[in-house]
Structure formats: structure tokens, C-alpha cells
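If you want the building blocks of each chain, they are given just below.
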Amino acid sequence: MTYLILGLIVFLGVHSVRIVADDWRTKTRARIGALPWKGLYSVASLVGIGLIVWGFGLARQQPVQLWSPPVAMRHLASLLTLISFVLLAAAYVPGNSIKARLHHPMVLGVKVWALAHLLANGNIAHMVLFGSFLVWAIFDFRAARQRDRVAGTSYPRGSAGATAITAGVGVGAWVVFALWLHGLLMGVRPLG
């Protein structure tokens, strides 16, 4: 569990700089340059992800069950992860109405993804991992919306075509991940 927690501290810590020290981030990025900043950010993120994957794998070998979720929670988790994949796609497909309305769909996607996994899994490793991501996403979304208000950011209206593409990409990615990649990468087939 130590490596999992350390990885979460590193990864979510790096991703929390804009939440807790946006002015420091802006000044440091200006002082050292955008490219070195992105390089340091990427290296720290990769170290954090590596520790999370390693620590989670170790923690899953000796699971400590806190509760046993009912089967219905797995079905709800499947629906919620479908929604999270569409939200993730909305962060990248230009001109879609989802991003126009929600403004920060990726962070909302992380919230929904984390909640889905909390509902469907009852062991402590899952609680630590997905609970941490859920709490982080709540604070990050709030901070991002505050930055938008301060900056007077407005998002252009989305088109129906781009929104349909967004939904299609999200659903397609969810199908591939749920049917094949989740089992291959995580050792658990959510729909199998």
C-alpha cells in the first residue's frame, strides 16, 4: 500500500499545482520556460503513475475487503464508465456541445470513472486509489471553474455533428476498453 499511496501523492500532487499554487506555477513556468516545465511535469507524472500501478498491483495481491458490493453496482459502474468515456472524448473532439456546456469534461470524466469504481469494488486498495482520484477531481473541477470565472472564459457553442462524433468516439473507446483492454491491462473483464 505504501507504493500506491506514494504514487498517488506524486501524481495527484503534480496535477494539483494549479489547484493550490496557480500563481507559483505561472511564475515558475515563465522563469524556466514552457518546455522544461512540461518535461519536469511529465517525468513526475510518469514516476507517479509507475508507483500507482506497481503499488496497486501489490495491494491487489493481498486484498482487504471492506464491503461486498451487490451485483447491480457492477451494472451501474458499466453505465458510469460509458459516460466517463464520452466525457473524456468531449475533452478532445473540437466543437462539441458537451464541452461547450460542461467546460471541463475530462475532469468530470475522472469523477464519474472514480465513482463507478468505488461503487463496484469494496476492497481497501480500490477505496484508496479511486477515492483519491474522486476527491482530487472534485477540487480540480472547482478550481478550473473558478479560473474560468476570474478570466471571463467563454466556451463557443458546439455543433450537433461534433457532439455526435464525440459520443461515437466515447462509446467506441468504451466498448474496446470494456471488452478487451481492461482484461488485458488490469486482469479483470468487467463485461466477461
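Criteria and thresholds
Residues numbered from 1 in each chain as written. Predicted model: local features only at pLDDT ≥ 70, side-chain atom pairs only at ≥ 80, totals over all residues. Heavy atoms only, no water. Core = buried A, V, L, I, M, F, W, Y, C linked by side-chain atoms within 4.5 Å. Buried < 20%, exposed > 50% of the residue type's maximum accessible area, 1.4 Å probe, protein only. Helix = DSSP H or I, 4+ residues; strand = E, 2+ residues; numbered from the N terminus. Contact = heavy atoms within 4.5 Å. Axes fitted to C-alpha atoms, helices over the stretch in contact; angles between N-to-C directions. Parallel < 35°, antiparallel > 145°, perpendicular 65-115°, else oblique. Left-handed = near helix turned anticlockwise from the far one by under 90°. Nonpolar A, V, L, I, M, F, W, Y, C, P; charged D, E, K, R; others polar.

Participant: I'd love a proper account of the nonpolar core, names of residues and values included.
Facilitator: Within the largest apolar cluster, 29 residues are counted, with the highest numbers of intra-cluster contacts made by Leu4, Leu8, Leu12, Ile52, Leu129 and Phe133. Mapped by element, the contributors of at least two residues to this core are α1 (2-14), α4 (34-61), α5 (71-92), α7 (105-120) and α8 (124-151). Residues within four places of Phe133 in sequence aside, it is in contact with Leu8, Phe11, Leu12, Ile52, Val110, Trp113 and Ala114.

Participant: Break down the packing of α5 against helix α9 (residues 160-186) for me, citing the residues and quoting the values.
Facilitator: Where α5 meets α9, the axes come as close as 8 Å, and the angle between the chain directions of the two elements is 130°. If you check the angle between α5 and α9, you find them oblique. Relative to α9, the crossing made by α5 is right-handed. Every residue of α9 that contacts α5 at Ser78, Thr81, Leu82, Phe85, Val86, Ala89 and Ala90 is listed here: Thr166, Ala167, Val169, Gly170, Val171, Ala173, Trp174 and Phe177. Partitioning the contact of α5 with α9 into residue classes produces eleven nonpolar, four polar and no charged.

Participant: I'd like a description of the side chain of His126, backed by residues and values.
Facilitator: Looking at the secondary structure, you find His126 in helix α8. His126 sits in the buried class, given a relative accessible area of 10%. For His126, the residues in contact, after removing those within four places along its chain, are Phe56, Leu118, Asn121 and Gly131.

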